[in-house]
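Read off the chains here:
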Amino acid sequence: MDATTVTAAGADAGADSADRDLLLQRTLFSGPRKWVNDDLYSRVSRGVVRRTRTELRLEPGAVVDTNTYFGRFEASYWQRWTDLTELTVRVSIESTGRVDVLARASDIGSHVRTVDMVHHDGDGMAVLRVPLDTFTDGGAMWLEFHAVDAQSTVSDVAWSTTTTRPVRRAAVAICTFNRADDCAATVDSLASDPLVADLIDDLYVTDQGTDLVETRDAFAHAAQEFGDRLHYLRQPNLGGAGGFSRGMFEATAPEAPGPVDVLLMDDDVRVEPETVLRLFAFAAVTREPMLVGAQMMYLFNPDYLLVSAERTALAELKGGLDADEFALRDESVVENLQERRIDAEYNAWWSCLIPGEAVEKVGLPMPYFFQWDDIEYGLRCRQAGMPTCTLQGAAVWHADFYWKDGDDFGQFFSQRNSLVTASIRQGIDPKDMAKNLARTVLRAIVAMQYGLAATRLRGIEAFLDGPDGAFGVGDGGQRALAAIREERAGYPETAKLGVEALPAGITVERKVGIPREDREDQVLAKRLLVQKLGRQRRGVVAIPYEDAAWWHVALFDEVYVTDASQTGVHHRKVDPARASELQKRLASLLARFVRETPAAQERWRRAQAELTTRENWARLYGL
C-alpha cells in the first residue's frame, strides 16, 4: 500500500490534514480461511498462478482477473451514494519483464469495457486512474493482470481517493449471550488483520450471558491487540436489541468525540476483515449520513449469498423479502454476479453500520429484546431521511437460516414486534390484519403445532396490552422470555427428541405438489374440516423438514418431523381438545383485535419516543 494511503478512521499521521488519501478497498486474492473459496476473490484465466491473501505469483503468460464477488469495486453503489468521481488504483509489481494491468468495467447488462491500462516493466508501482461516472444503474470495476514475458509478483493492491471530508471515529459493537467461543473467535478475527485492527477506534463487546467471553484464550489474544480500545461490558440479558443498543449507547455518549460510525456485528459470524474496512470507508464519503450494511453469505455453503438486499411487506408482517425481482438470492456468487444496483429498505444486523447522526436524529433501537429491532430501526431512519445501502462486495458468513427451526420462543417476539413495527411505521387496518393473523395461527393448529399457535396468540395479546402490559417492553423483555418458555414447555411437540425416537420401519412421506397461492385459504379450510371430522390418514409417519409444509403435515394424524437443525425430530399428534381450545381463543382474540387495535397503535406510537431514549436504556442496563 502506498504510504500516503490512510483508512476511513484516519489512523495515519496525516489524518488531521485538510487533504488526505482515503483507502476505500484492497484487492485480495484469497480468503481469510481455508474453507473460503479463493474464486470469490480472483480467477485464474490462463497459466500457472499461486494465490495468497495479498499476493499473486504469476508464471510467464499467466492471466488473472478479479471480476469476482470480493474482487470487484462495486462502482454503481459508490456513484449512487458517495461524492466520489475518480479513483486511484495502486499495484506493487516485482518482475524482470512486463506486466499489463487493466482496469475493466461492466454495466447493468454485463457488457465489459476497459477504463484504463498500464504496461509496467520491472519492479515498482503501477498506478491507474479510473473515473466513477457511468454506473448509475449498475456495473462494477475490477483488475486484470497479464504476466507477459516473465515470472511476476503482484501485491498490495489498493483503491483510494483524495478527500477533504472530516475523519470519522470507527466503532464496532458486538453482543453475545452464552456463545463465548463464537464471540471470542469473531473478536480475534478483527484483530487478525493489522490494518483493520488499527482502523477500529473502539470495540464494544456486550456480554449478557453466564459463560463469559473474557474467559477464552482467543479473546485474551484480541485484547492484547486492541488494548484500551476494547471495552468489555456486562449487563442483564436484554436480547439482541439490548446488546446492540449498548454499543450504540456507549459510542454516541455526549462526552465521546465525534462524528462516529458504529458497526453492529453478530457474535457468531465469520468475519471477512476486508468487509469492515469497506463499510467504514463507504460511510466516510457518503453524501449524507446513512446506514451501510454488509450482505450475508451462508456459513455451511460459503459460496452462496442469502439475499442481495431486503425489504418488508408490513401489511403482511413480512421482512426479509427481495428488494428487487432481479436480485440474487440463495445463489452462488462464484457462478453469478449482481450487475444491477439493488436498493435496500433496511439491512439486518449480522453486520450493519449505523452513523452516530442516526442516533442523534431518531434515538436508539426499540427495546424489543429479539426480532424486528433491525427492521424497525432501518425503517425509522429511512423515514427520517437516512436510507440504507446494502453494499455488494461486503459480506460476512453467518449460520444458514434454513438450519434454524421456526417453532421457538422467538415467534412470540416476532409476532408482537412485527405488529408494533407495522403500527408505528405504517399503520394497521384491523380487519385486514385480523385475517392475516387468523391464517398464520390456523396453519399452526392444523399442522399440530399447538405450542407455536399459543406462542403467536400470546404475541398478539402482548401487542394489544401495550408497552406496559405483562408481556410488554418495560423490562426489556426478560419477563416475557421466561413466561413464554414456561408456557411452551406444556406443549410436547415443541420439544426436540433424539433421532432414536423415530419408530423402526416408519414410513417417510414426501410432499407432492404445492397448492396454488390463490387457493391456500381453501386448502386450509378443507384441512381444518378433515381434521375436525377425524378423517385424516391414520398411523404414524416421518416427514423430512423440507417437506413439512402445513398443508402436507395436516394430511396425517401423527407425525415425526425433522428439526431444521437436522439434530433431532419433533413428535406431533392430533389433539382435538387442544385444537378446539386454541381456535376458540383465536376467535375471541381476533374480535378483541378489531376493537382495540386503533387504541393499541396509538399507545405504541406515543411510547416510542420515551422507549428509545438514552435514559430508558440506561435504566434497563442498570446504570
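The rules behind each value
Residues numbered from 1 in each chain as written. Predicted model: local features only at pLDDT ≥ 70, side-chain atom pairs only at ≥ 80, totals over all residues. Heavy atoms only, no water. Helix = DSSP H or I, 4+ residues; strand = E, 2+ residues; numbered from the N terminus. Rg over C-alpha atoms; globule rule 2.2 N^0.38 Å. Buried < 20%, exposed > 50% of the residue type's maximum accessible area, 1.4 Å probe, protein only. Contact = heavy atoms within 4.5 Å. Areas by Shrake-Rupley, 256 points an atom, 1.4 Å probe, with all protein chains shown as cover. Pairing = 2+ DSSP bridges. Axes fitted to C-alpha atoms, helices over the stretch in contact; angles between N-to-C directions. Parallel < 35°, antiparallel > 145°, perpendicular 65-115°, else oblique. Left-handed = near helix turned anticlockwise from the far one by under 90°. Nonpolar A, V, L, I, M, F, W, Y, C, P; charged D, E, K, R; others polar.

K.L.:
Sorry, what's going on with the overall build of the protein here?
P.N.:
In terms of regular secondary structure, the protein is built from 16 helices and 27 strands. Against the 2.2 N^0.38 benchmark of 25 Å for 623 residues, the protein shows a C-alpha radius of gyration of 26 Å, consistent with a compact globule. For the protein, the spread of C-alpha atoms along the principal axes amounts to about 85 × 55 × 45 Å. Sorting the 623 residues of the protein into buried and exposed places 60% on the buried side. At a minimum sequence separation of 6, the contacts of the protein that also span at least 24 residues come to 77%. Split by element, the accessible area of the protein, about 24500 Å² in all, is 48% carbon and sulfur.

K.L.:
Sorry, what's going on with the sheet that holds strand S24 (residues 507-508) here?
P.N.:
Strand pairing in a sheet is mediated by backbone hydrogen bonds. Such pairs are either parallel or antiparallel. As summarised here, the arrangement of the four strands in space is S24-S25-S26-S27, forming an open sheet in which the pairing is mixed. The outermost strands of the open sheet, each flanked by one partner alone, are S24 and strand S27 (569-573). Taken together, the two bridges between S24 and strand S25 (residues 541-543) define a ladder with parallel strand orientation. If you follow Val 508 over to S25, its bridge partner there is Ala 542.

K.L.:
Mind showing me how you'd approach the environment of Thr 52 here?
P.N.:
Residue position: Thr 52 is located in the loop between strand S4 (49-51) and strand S5 (55-58). We classify Thr 52 as partly exposed; its relative accessible area is 23%. Spatially, the C-alpha atoms of Thr 52 and Gly 138 are 30 Å apart, while their sequence positions differ by 86 residues. Look past the residues within four positions of Thr 52 in its chain and what remains in contact with it is Phe 29 and Ser 30.

K.L.:
Explanation requested: unusual backbone geometry in the structure shown.
P.N.:
Glycine aside, the phi torsion of most residues is negative, and most peptide linkages are trans. Residue Pro 259 is reached from Gly 258 by a cis peptide bond, and omega for that bond is -5°. Looking at the secondary structure, you find Pro 259 in the loop between helix H5 (239-251) and strand S16 (260-266). Even without glycine at this site, Met 448 takes up a positive phi of about 65°. Residue placement: Met 448 occurs in the loop between helix H10 (430-446) and helix H11 (450-465).

K.L.:
What should I look at first to understand the packing of H10 against helix H13 (residues 520-533) in this one?
P.N.:
The description of two packed helices rests on the angle between their axes and on the distance between the axes. For the pair H10 and H13, interaxial distance at closest approach is 10 Å and the crossing angle is 40°. The angle between the axes of H10 and H13 places the two elements in the oblique class. Crossing of H10 against H13: the hand is left-handed. Residue-level contacts link Arg 439, Leu 442, Arg 443, Ile 445 and Val 446 of H10 to Glu 520, Asp 521, Leu 524, Arg 527, Leu 528 and Gln 531 of H13. Of the residues contributing to the contact of H10 with H13, the split by class is five nonpolar, one polar and five charged.

Read these as layout, nothing more, since geometry by itself doesn't imply function.
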